[in-house]
Amino acid sequence: MVIENKVMEINAANETMLIQTAKDSILPGNYNAGENILKKVIKINPLNEDAHFELGKLYFVNKNYLPAVKELKKTIGLNSKHLFAHVLLGKYYMIQKDYKSSLKEFNLVLKYNEGEGSVLYDMGNLYMEMKQYDSAIEKFESALKLGYKNHGLRYELAKAYKETGKYDKAKQELEIIQKEKPVDSSMQYKLGVLYRELGEFELSKGHFKKVSKMEPFGNKAFFDNLIQNETEISERKKYLKSKPMVLGITLSSRCNIKCKMCEVWSSPWDMPESIIEEIIGLFPYLKYIHWLGGEPFFHKRFKELFDKAASYPDLYQVIVTNGQLINDSWAEKLVKSNVNIILSIDGTTKKSYEAIRTGASFDKLIQNIKFLNKYKEIYGTAKSKINIILQTTIIKSNYHQLIDFVEFANKYRFDALNITPVRYIKSKENIFLNNDKKAFKYINDKMPAVIRKAKEYELKLLNILPKTGNCAEYPDDEPAPKDPSIKNNANNVFIKNEILCHWPWKSLFILTNGCVKPYGFCEEHIGNVTSQSLEEIWNGKLMAKYREKISKYECSKWCSPRCTSGVMPGNNLKLEV
C-alpha cells in the first residue's frame, strides 16, 4: 500500500510537471506544443482537472470555442467549484449572447466567492451588452468598492453613466482614469472617442492629439490614419485628409452560377483596373475590406488582391462567396488568414440547392467545406483564424427548410448561421415583397425551434428576417423619417451634439455597375468608379454633403430607415475599431 501511494505521488508530480511545461510553452506562443502536452496528460490521467482546464483555457484564448466548452465542462464535472472554469464558461455564453446561461455561471462564482471583483466586472460588461445599464453600473461600482481597479472598469462605467444620461459622472470617471496613472495609446484613443460621444468635441480632439504622439498600436500607417480620421470626425470636417478605414468591393458583377433570387449577373460589369490599383494603395490604412459579388473568386486578380491584403496584420477580410471555386489550396490559404468567409447556401439537399443555384454543384460545395474543416483541424488553435459562416437567403423555394439550415450548419461545423431576406428583387421568389402570408406563418411557427436548436448546437445565430428577426425590413420606396430624434441611450436622452453615424467619414462601398455609397444601406449614391477615382469620390461634393447633413442631423432622404429608427446597433453605425 505504501509503495502504491508513492507511485501515485510520483505520477501526480509528473503530471504537474508536464502541465507546467505546457504552460511554459503556451506563454511565448507555442500553442500546438502546449496543446499536445496537455492532451498527453489527459491520456495518462483523464481525471486531471488542471489539465482539462488548461486545455480549455488554451482553446478559449484562441477562440476555438467548441472544444474549449467541452474541456471546461469536463473540468467542472471533476470539480463543481472550479471558479475559473465557471468564469470562462460565463464569458463564452456572453460571446454567444446566451445571457441567461452567462449570468448563471457568474452567479455561481459569486456564490463561492462573494469578493470576486473581476467577476463583478465581467457581469457589468454582460449587462452592458444586454443594455441593462443600471444593473451594469451596480456591478461596476461594487467591483470598485471591493478594490478591483483597472482602466477598463472605469471606462465601461463611464459608458454606462453616459447611456443613462449621467454625463457629469461619466466625465468624472474619465478624469479619474487619467489621474490614476499614465494610460497607453489604446486607452487614450478610447477616451477621445467617449468624450466625443459625450458632446465634448474639444476634449476629444485634445486626446487624439495626445495619442498621435504616443507609441502606435498596429502598424504606423494604419495608426496615423486612424487618429487623423477620428480627429476629423470630432471636427465634423466635410473634406478629409485621412483615408477610408473600410472598403466594400465588388470587383465584378460576373458570377460562375445563376441564382433564382439574384439578377446581378444579368448586367455584366467589371471594375476598372485603375480603381483596383487605387484599392491596393489603400490596404495599409484599412481595418476592414468586404469582398462582394458577383463572385469574388471568379475574378482573375482576386488571389493577388487577397494575398496583398493578407500581408497587412491590421486588415480583416470578409468574403461573400458561393464557395464553388474554393479548392484545397485556397482552403489552406483562407484558414491561415485573418478572414470571415460567408458561404451563401440556399438549399440543404442536392435537389433544392441545385434548383436554386443554377450551374452549382452540391457535391463540390460539400467537398470544399470539408477542405476548410480539414485545415482548421491541421492548424489547430495556433494558426487557424478563420470564421466560417453559413448565409442563407430565405425565398419561396426554401423557406420550408428553415430548421434544416441549422442542422446543416451543425453537421458541417460552421461557426455561425445568418438568415437573411431577399432584397430588391421583384420576382415570385421574394416572399417579403409579395406578402406571402403562408410563408410568414411557417417562419413564425418554426423560428423558436431554430433559435432553440442553434443554442443547443452552440451555433451563433443572426436572424435578420422581417418580423421574426432583430432587424426591421423596409420597402425600398419608403422614405426615411424626417430629421428623427435618435434614441441613443436607455433613458431615451438625445445628445444633440452626438454624431449619429460615422460611415461617411470612414467607408466606401463599391456596388455593382460601379455605383458608390458610404455603406450599402445608405440612400444616396455619391459617385461611380466607372468615371471617377476613389479619391475624387471620397472628397467629392456628394460625400461632403453626406457628412454635412449628418453633422446637422438632417437625415431625411439621405439615411436608411434601418439606421434612423434605431434598429441598426450604434456600434455598427459608428464602426468602432
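Residues numbered from 1 in each chain as written. Predicted model: local features only at pLDDT ≥ 70, side-chain atom pairs only at ≥ 80, totals over all residues. Heavy atoms only, no water.

## Observations concerning helix α20 (residues 437–456)
Between its terminal C-alpha atoms α20 stretches 29 Å, which fits the 28 Å expected from 20 residues at 1.5 Å a residue. Where α20 bends most, at K446, the angle is about 40 degrees, and the proline P448 comes one to four residues later. For α20, the full list of buried residues reads A439, F440, I443, M447, A449, V450 and A454. Buried residues along α20 sit against β7 (387–394), α19 (402–411), β8 (416–421) and β9 (460–463). Of the residues flanking the start of α20, the one acting as N-cap is D436, its side-chain oxygen 3.3 Å from the backbone nitrogen of K438. E458, located one to two residues past α20, shows a positive phi value of around 55 degrees. (Helix = DSSP H or I, 4+ residues; strand = E, 2+ residues; numbered from the N terminus. Expected span 1.5 Å × (residues − 1). Bend = angle between axes of the 7 residues up to and from the residue. Buried < 20%, exposed > 50% of the residue type's maximum accessible area, 1.4 Å probe, protein only. Contact = heavy atoms within 4.5 Å. Polar contact = N/O pair within 3.5 Å; in protein donor to acceptor, adjacent residues only side chain to side chain.)

## Remarks on the sheet that holds β7
Strands in a sheet are paired, the pairing made by backbone hydrogen bonds, and the direction either parallel or antiparallel. In spatial order, the strands read β9-β8-β7-β5-β4-β3-β1-β10-β11-β12; together these 10 strands make up an open sheet with mixed pairing. With one partner strand each, in any of the chains shown, β9 and β12 (527–528) form the two edges of the open sheet. Of the strand pairs in this sheet, strand β11 (residues 515–517) and β12 are connected by two bridges, and their pairing is antiparallel. Each residue of the ladder has a partner; that of C515, found in β12, is N528. Contacts from helix α15 (residues 302–310) reach β3 (288–292), β4 (316–321) and β5 (339–344) within the one sheet, and its direction differs from that of β4 by about 155 degrees. (Pairing = 2+ DSSP bridges. Axes fitted to C-alpha atoms, helices over the stretch in contact; angles between N-to-C directions.)

## Describing the environment of P284
As for its placement among the helices and strands, P284 is situated in the loop between α14 (273–282) and β3. When its relative accessible area of 17% is taken as the criterion, P284 is described as buried. On a C-alpha basis, the gap between P284 and F222 in space is 5.9 Å, while along the polypeptide they are 62 residues apart. Apart from residues lying up to four places away in sequence, P284 is in contact with N219, A221, F222 and Y312.

## Concerning the packing of α19 against α20
Taken N-terminus to C-terminus, the directions of α19 and α20 make an angle of 15 degrees; their axes are 8 Å apart at the nearest point. One element, α19, and the other, α20, form an angle in the roughly parallel class. Crossing handedness for the pair α19 and α20: right-handed. Within the contact between the two elements, α19 uses L402, I403, V406 and E407 and α20 uses I443, K446, M447, A449, V450, K453 and A454. Its residues assigned to classes, the contact of α19 with α20 shows eight nonpolar, no polar and three charged. (Parallel < 35°, antiparallel > 145°, perpendicular 65-115°, else oblique. Left-handed = near helix turned anticlockwise from the far one by under 90°. Nonpolar A, V, L, I, M, F, W, Y, C, P; charged D, E, K, R; others polar.)

## Here's the deal with the packing of helix α3 (residues 49–61) against helix α5 (residues 83–95)
It is the contact of α3 with α5, at a shortest axis distance of 11 Å, that shows an interaxial angle of 25 degrees. With respect to α5, the element α3 is oriented roughly parallel. When the axes of α3 and α5 are compared, the crossing they make is left-handed. Listed contacts from α5 to F53, K57 and F60 of α3 are F84, A85, L88, K91, Y92 and I95. Split by residue class, the contact of α3 with α5 holds seven nonpolar, no polar and two charged.

## Observations concerning the confidence of the model for the protein
Put simply, the protein has an average pLDDT of 86, and 89% of its residues get 70 or more. In this model, residues 1–10 is a region of pLDDT below 50 whose contacts with residues beyond four sequence positions or in other chains number zero contacts. Across residues 468–495 the pLDDT falls below 50, and counting only partners more than four positions away or on other chains, this stretch makes 63 contacts in the model. (pLDDT = per-residue confidence, 0-100.)

## Quick notes on the environment of I510
Residue position: I510 is located in strand β10 (residues 507–510). Residue classification places I510 among the buried residues on the basis of a relative accessible area of 0%. With 239 residues separating them in the primary sequence, I510 and M271 have C-alpha atoms 9.2 Å apart. Excluding residues within four positions of it along the chain, I510 makes contact with G248, I249, T250, W269, M271, I275, I279, C515, V516, V529 and L534.

## Observations regarding the environment of I275
Note on placement: I275 falls in helix α14. Taking the C-alpha atoms as reference points, I275 and E535, separated by 260 residues in sequence, lie 9.8 Å from one another. Excluding its chain neighbours within four sequence positions, the residues that come into contact with I275 are I510, V529, Q532, S533 and L534.

## Things to note about the state of the cysteines
Scanning all chains against the criterion turns up zero disulfides. C255 takes part in no disulfide bond, and the closest cysteine sulfur, belonging to C259, lies 6.1 Å away. Here C259 is not disulfide-linked; the sulfur of C262 is the nearest cysteine sulfur, at 6.0 Å. (Disulfide = S-S within 2.5 Å.)

## Quick look at the pairing of β10
Where burial is concerned, the two faces of β10 agree: the one with S507 and F509 and the one with L508 and I510 are both buried. As paired strands, strand β1 (residues 246–250) and β10 are joined by four bridges and run parallel to one another. Residue pairing for β10: I249 is matched across the bridge by I510. Both β10 and β11 contribute to a ladder of two bridges, which runs antiparallel. Bridged to F509 within β11 is K517. What sits between the antiparallel neighbours β10 and β11 is a turn of four residues, in which N513 has the positive phi angle 70 degrees.

## Points about the nonpolar core
Counting 108 residues, the largest nonpolar core has I279, L334, F414 and I510 as the members making the most contacts within it. Sorting elements by how many residues they give to this core places helix α18 (residues 362–383) first, with eight residues. With near-sequence residues (within four places) excluded, F414 lies in contact with L343, I345, I369, I388, I389, L390, F408, A409 and L459. Core analysis: the next-biggest nonpolar cluster, separate from the first, contains 35 residues, Y133, L153, A160 and Y161 among them. (Core = buried A, V, L, I, M, F, W, Y, C linked by side-chain atoms within 4.5 Å.)

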